[in-house]
Amino acid sequence: MTANHQPQEAAEVRDVTRRKVVAVGAGAIAAAGLGGSAYAANAGAGERRRPPAQAAEECYVLTSETIEGPYYIDADKIRRDVTEDRPGIPFVLTIKVIDNETCRPVRNAAVDIWHCDAVGVYSGYEDMGNGGGGGPAPTGAPTGIPTGPPPGGGGGHQEPTDDSRYLRGTWRTDRHGFVTFKTVFPGWYRGRTVHIHVKVHVGGEWTDAGYEGGTTCHTGQFFFDEASVLASAVVEPYASNTAERTTLDEDSIYDGSGAQGGLLKLKYREDGIARGVRGSITVGVDPEATNDGQGSPPPASASASPSAG
């Protein structure tokens, strides 16, 4: 399908498909609410700091693959600011995509992210409520006790139930392999720890008309350390989320391997996480592989260097 949109501002929402994605101009996004220098960093929760001589070893870590989950919507919004009207702690996520064999940045890759809102609801599936069956809860606290399979962790793809598309977006990596998204700190729902889904598509072509072809070389999830989640849980609207929370160690998807398994490096102000959080991670991929997240993920490959984080 071909998208019939004229290029406009970079922040404008565009309804498209994977095979014909409207290309938009570059530009930096503002990290609103994240100013200042008094930050708390989650030691051990992201990429391990190493001397310069060891830094090159990071590229040999192949980031863990996971299953797609049921609530992926294919390249629906081409944008870096995915927040829309969702309340929550401002969160700026910076991802660097590298070839794990050559250490070189993967340029012009299409990167998708999607995640639930502060009270555990996925856009496009608001009828599922918090946790896959607890009744609609799109704008407030979850209602009732969720039943059925939790979203995002397993099961086959489900067709969207509504037209909402908040907290979803696709953007391309720059010449250094970086892509940055502006969103909100995710909440939680029954059966899963706090997380963000990600896909990396390569081999396609970006033109003024769109992005065509290509394959999915990585399907994964990003995770948050317990200290940051507990800090967020006392801030509204997270404090209104009554769903039972699964800790990082209890999660069935996170493999315990630190940054290699998707654990983010986080920074936020010591005087209050509500001011905003910055997250970053380097994702090592095999551009020649196909990892679309269908079925069971392949085991993490052995690395020439220790797992970071």
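Residues numbered from 1 in each chain as written. Predicted model: local features only at pLDDT ≥ 70, side-chain atom pairs only at ≥ 80, totals over all residues. Heavy atoms only, no water.

Asks: Describe the overall build of the chain, listing the residues and the values that go with them.
Replies: Per the secondary structure count, the chain includes 2 helices and 9 strands. Tracing the chain from N to C terminus, the helices and strands come up as β-α-β-β-β-β-β-β-α-β-β. Evaluated residue by residue, the chain yields a buried proportion of 52% over its 309 residues. Considering only intrachain contacts with a sequence separation of at least 6, the fraction spanning at least 24 residues in the chain is 79%. When the accessible surface of the chain is summed, it comes to about 13100 Å², and 50% of that surface belongs to carbon and sulfur atoms. (Helix = DSSP H or I, 4+ residues; strand = E, 2+ residues; numbered from the N terminus. Buried < 20%, exposed > 50% of the residue type's maximum accessible area, 1.4 Å probe, protein only. Contact = heavy atoms within 4.5 Å. Areas by Shrake-Rupley, 256 points an atom, 1.4 Å probe, with all protein chains shown as cover.)

Asks: An account of the nonpolar core is requested, with residue identities and associated values reported.
Replies: Counting residues in each nonpolar core, the largest one holds 42 residues, and the members touching the most others are Ile95, Phe222 and Phe224. Elements supplying a minimum of two residues to this core: strand 2 (90–99), strand 3 (110–114), strand 5 (178–184), strand 6 (195–206), strand 7 (211–223), strand 8 (265–269) and strand 9 (277–285). Leave out the neighbours within four places in its chain, and Phe222 touches Leu93, Ile95, Val194, His195, Ile196, Val198, Gly262, Leu264, Ile281 and Val283. Grouped together as the second largest cluster of nonpolar side chains are 9 residues, Trp114, Cys116, Tyr122 and Met128 included. (Core = buried A, V, L, I, M, F, W, Y, C linked by side-chain atoms within 4.5 Å.)

Asks: So what about the side chain of Thr193? Which residues, and what values?
Replies: By secondary structure assignment, the location of Thr193 is in the loop between strand 5 and strand 6. Using a relative accessible area of 2% as the deciding quantity, one classes Thr193 as buried. At a separation of 3.3 Å, a polar atom in the side chain of Thr193 contacts the main-chain carbonyl oxygen of Thr246. Discounting chain neighbours no more than four positions away, the residues touching Thr193 are Phe223, Glu226, Thr246, Thr247, Leu248 and Asp251. (Polar contact = N/O pair within 3.5 Å; in protein donor to acceptor, adjacent residues only side chain to side chain.)

Asks: Can you lay out the pattern of salt bridges for me, pointing to particular residues and giving the numbers?
Replies: The tally for this structure, following the rule as stated, stands at 6 salt bridges. Among the salt bridges present, the one from Asp251 reaches Arg192, with a minimum N-O distance of 2.7 Å. Highlighted residues: Asp251 in the loop between helix 2 (226–232) and strand 8 and Arg192 in the loop between strand 5 and strand 6, separated in sequence by 59 residues. By the burial criterion, Asp251 is buried, and Arg192 matches it. One salt bridge in this structure joins Glu226 and Arg245, with 3.0 Å as the shortest N-O distance. Here Glu226 is found in helix 2, whereas its partner Arg245 is found in the loop between helix 2 and strand 8, with 19 residues between them in sequence. A relative accessible area of 23% places Glu226 in the partly exposed class. Under the relative-accessibility criterion, Arg245 is labelled partly exposed at 22%. (Salt bridge = Lys/Arg side-chain N within 4 Å of Asp/Glu carboxyl O.)

Asks: Account for unusual backbone geometry, naming residues and giving values.
Replies: Residue Pro237 is bonded to the preceding Glu236 through a cis peptide linkage, with omega at 5°. Relative to the helices and strands, Pro237 resides in the loop between helix 2 and strand 8. Phi is positive for Glu84, which is not a glycine, with a value near 55°. As for its position among the elements, Glu84 is in the loop between helix 1 (52–55) and strand 2.

Asks: Give me the lowdown on the pairing of strand 9, citing residues and values where you can.
Replies: The pairing of strand 2 with strand 9 spans 9 bridges and is classified as parallel. In the strand pairing of strand 9, Ile95 is matched with Ile281. (Pairing = 2+ DSSP bridges.)

Asks: Explain the pairing of strand 3 residue by residue, including any values.
Replies: Extensive coverage of strand 3 is indicated by the burial of 5 of its 5 residues. With burial as the criterion, each face of strand 3 is covered, one bearing Ala110, Asp112 and Trp114 and the other bearing Val111 and Ile113. As defined by bridge partners, strand 3 adjoins strand 4 (residues 168–172) across 5 bridges and the pair is classed as antiparallel. Residue Ala110 lies in a different strand from strand 4, and its bridge partner there is Arg172.

Asks: I'd love a proper account of the environment of Asp99, names of residues and values included.
Replies: Along the polypeptide, Asp99 turns up in strand 2. For Asp99, a relative accessible area of 16% corresponds to the buried category. Measuring from C-alpha to C-alpha, the distance between Asp99 and Glu288 comes to 9.6 Å, with 189 residues separating the pair along the chain.

Asks: Quick rundown of the packing of aromatic side chains? Include the residues and the values.
Replies: This model, assessed by the stated rule, comprises 9 aromatic pairs. Aromatic pair Tyr72 and Trp114: ring centres 4.6 Å apart, planes at 45°, arrangement tilted. Of the two residues, Tyr72 sits in the loop between helix 1 and strand 2 while Trp114 sits in strand 3, which places them 42 residues apart along the sequence. Under the relative-accessibility criterion, Tyr72 is labelled buried at 9%. Through successive ring pairs, a cluster of aromatic residues spans Tyr71, Tyr122, Tyr125 and Tyr189. Directly above the ring of Tyr166 sits Arg86, whose terminal nitrogen or CZ lies 4.0 Å from the centroid. Of note, Lys199 hangs over the ring of Tyr72, and the distance from its end group to the ring centre comes to 5.0 Å. (Phe/Tyr/Trp six-rings, centres within 6.5 Å; stacked < 30°, edge-to-face > 60°. Lys NZ or Arg CZ within 6 Å of the ring centre and 35° of its normal.)

Such coordinate-based values are descriptive only and should not be taken to indicate function.
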